[in-house]
Amino acid sequence: MFNLILFGPPGSGKGTQSERLVERYGLVHLSTGNLLRKEIADKTALGLEAKRFIDNGQLVPDAVVIGMVDTYFDAHREAKGFLFDGFPRTVAQAQALDDLMSRKNTSISLVLALDVSEDELIKRLLNRGKTSGRSDDNDEEVIRKRFSVYLNETRPVALHYNALHKFQEVKGEGSVDEIFSGLCEAIDKLH
Ligand code: AMP
């Protein structure tokens, strides 16, 4: 299996690039943000619980997210690999993912991090808020909160994978095509 984590702050382009990457490499896209938004749209108990956190720019509790990933993984046993988008977001999630992978006799192949400046990120998120219908993209306070959560809780995940020699930064500014080429180049070196 080829298991890729696409890493980066909110607004770094993970969703856009993930769509292209899964198509190019035939991976199953696992976006915890998308799964959570689906739970909210379906008005499930999990969705109702998650919404309180999402609307405040906070992370949904680890146990909830890890359970969701476990279920999704088991529902796609035929996959030749996964692209994890927006997960793991805490070191505890990264450890749970590593455990899950080893229970399934596989591992994370590579972590690619999109590198984008904070000014550019805020501009992109406010723009996306005008069209995405995402309540967490409309409010600059919520966006700033998501950045501070990223720095405090998610950024340490980079160190976790750096220590395992699986972490690589890729330029996240420029055109969508240019960024995609940079990602493909890093992946193709491993393939
Ligand atoms: P995203 O679409 O990845 O930007 O996620 C939107 C929101 O969903 C985040 O701001 C979090 O509140 C929540 N969320 C998504 N993925 C995770 C995760 N792996 N752990 C905790 N919360 C998450």
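Residues numbered from 1 in each chain as written. Predicted model: local features only at pLDDT ≥ 70, side-chain atom pairs only at ≥ 80, totals over all residues. Heavy atoms only, no water.

Help me get a handle on the packing of aromatic side chains, residues and values and all.
The final tally for this structure, using the stated rule, is 5 aromatic pairs. Between the aromatic rings of Phe73 and Phe82, the centroid separation amounts to 4.6 Å while the plane-to-plane angle is 20°, which identifies the pairing as stacked. The burial state of Phe73 is the same as that of Phe82; both residues are buried. Ring geometry for Phe84 and Phe87: centres 6.3 Å apart, planes at 45°, overall tilted. When sorted by exposure, Phe84 lands in the same class as Phe87, which is buried. An aromatic cluster is built from Phe73, Phe82, Phe84 and Phe87, whose rings are joined through pairwise contacts. Just above the ring of Phe180 sits the side chain of Arg20; from NZ or CZ to the centre is 5.4 Å. (Phe/Tyr/Trp six-rings, centres within 6.5 Å; stacked < 30°, edge-to-face > 60°. Buried < 20%, exposed > 50% of the residue type's maximum accessible area, 1.4 Å probe, protein only. Lys NZ or Arg CZ within 6 Å of the ring centre and 35° of its normal.)

For the environment of Cys184, give the residues involved together with the corresponding values.
Considering the arrangement of structural elements, one finds Cys184 in helix 9 (residues 176–190). Along the backbone, Cys184 and Arg124 are 60 residues apart, and their C-alpha atoms lie at a distance of 23 Å. Not counting residues within four places of it along the chain, the set of residues in contact with Cys184 comprises Leu21, Arg24 and Tyr25. (Helix = DSSP H or I, 4+ residues; strand = E, 2+ residues; numbered from the N terminus. Contact = heavy atoms within 4.5 Å.)

I'd like to hear about the site of the ligand, residue by residue, with values.
Contacts to the ligand come from 16 residues, most closely from Thr32, Arg37, Gln58, Arg89 and Gln93. Contacts to the ligand include Val60, whose backbone N or O atom sits 3.1 Å from a nitrogen atom. Take Gly86: an N or O atom from its main chain is 3.0 Å from a nitrogen atom of the ligand. Protein chains shield 96% of the accessible area of the ligand, which is 480 Å² for the free molecule. If you map the ligand onto the pockets, it falls in the largest pocket. (Near = heavy atom within 4 Å. Polar contact = N/O pair within 3.5 Å; in protein donor to acceptor, adjacent residues only side chain to side chain. Areas by Shrake-Rupley, 256 points an atom, 1.4 Å probe, with all protein chains shown as cover. 1 Å grid on protein atoms, 1.4 Å probe; cavity = no way out; pocket = protein on both sides within 12 Å on 5 of 7 lines; lining within 4 Å. Sits in = over half its atoms within 2 Å of the grid points.)

Explain the packing of helix 1 (residues 14–25) against helix 9 to me, using residue names and the numbers behind them.
Look at helix 1 against helix 9: their axes get within 10 Å of each other, and the N-to-C directions meet at 45°. Between helix 1 and helix 9, the angle is such that the two are oblique. Two packed elements cross with a definite hand, and for helix 1 against helix 9 that hand is right-handed. Mapping the contact onto sequence places Thr16, Gln17, Arg20, Leu21, Arg24 and Tyr25 in helix 1 and Val176, Asp177, Ile179, Phe180, Leu183, Cys184, Ile187 and Asp188 in helix 9. Per-class residue counts for the contact of helix 1 with helix 9 are 8 nonpolar, 2 polar and 4 charged. (Axes fitted to C-alpha atoms, helices over the stretch in contact; angles between N-to-C directions. Parallel < 35°, antiparallel > 145°, perpendicular 65-115°, else oblique. Left-handed = near helix turned anticlockwise from the far one by under 90°. Nonpolar A, V, L, I, M, F, W, Y, C, P; charged D, E, K, R; others polar.)

Now, about the sheet that holds strand 2 (residues 28–31): what can you tell me, with residues and values included?
Read across the sheet, 5 strands follow the order 2-3-1-4-5 without closing on themselves; strand pairing throughout is parallel. Pairing within the sheet leaves two strands with one partner each, and these edge strands are strand 2 and strand 5 (167–171). Going from strand to strand, the sheet's axes swing by 25° on average, the running direction of each strand aside. By the bridge criterion, 3 bridges tie strand 1 (residues 4–7) to strand 3 (residues 82–85) in an arrangement that is parallel. Within strand 3, the residue paired with Ile5 across the bridge is Phe84. Packed onto the sheet, helix 2 (residues 32–41) meets strand 2 and strand 3 and runs at close to 70° relative to strand 2. Relative to strand 2, helix 4 (residues 62–74) is tilted by about 165°, and along the sheet it contacts strand 2 and strand 3. (Pairing = 2+ DSSP bridges.)

Could you give an account of helix 8 (residues 156–163), naming the residues involved and the relevant values?
Of all the positions in helix 8, only Val157, Ala158, His160 and Tyr161 are classed as buried. Looking straight down helix 8, one finds its buried side chains confined to an arc of 155°; they lie on one side. What points out from helix 8, more than 90 degrees from its buried face, is the exposed set Leu159 and Ala163. Residues of helix 8 that are buried in the fold lie against strand 1, helix 5 (91–103), strand 4 (110–115), helix 7 (140–154) and strand 5. (Arc of directions from axis to C-beta.)

Keep in mind these numbers describe shape, not what the thing actually does.
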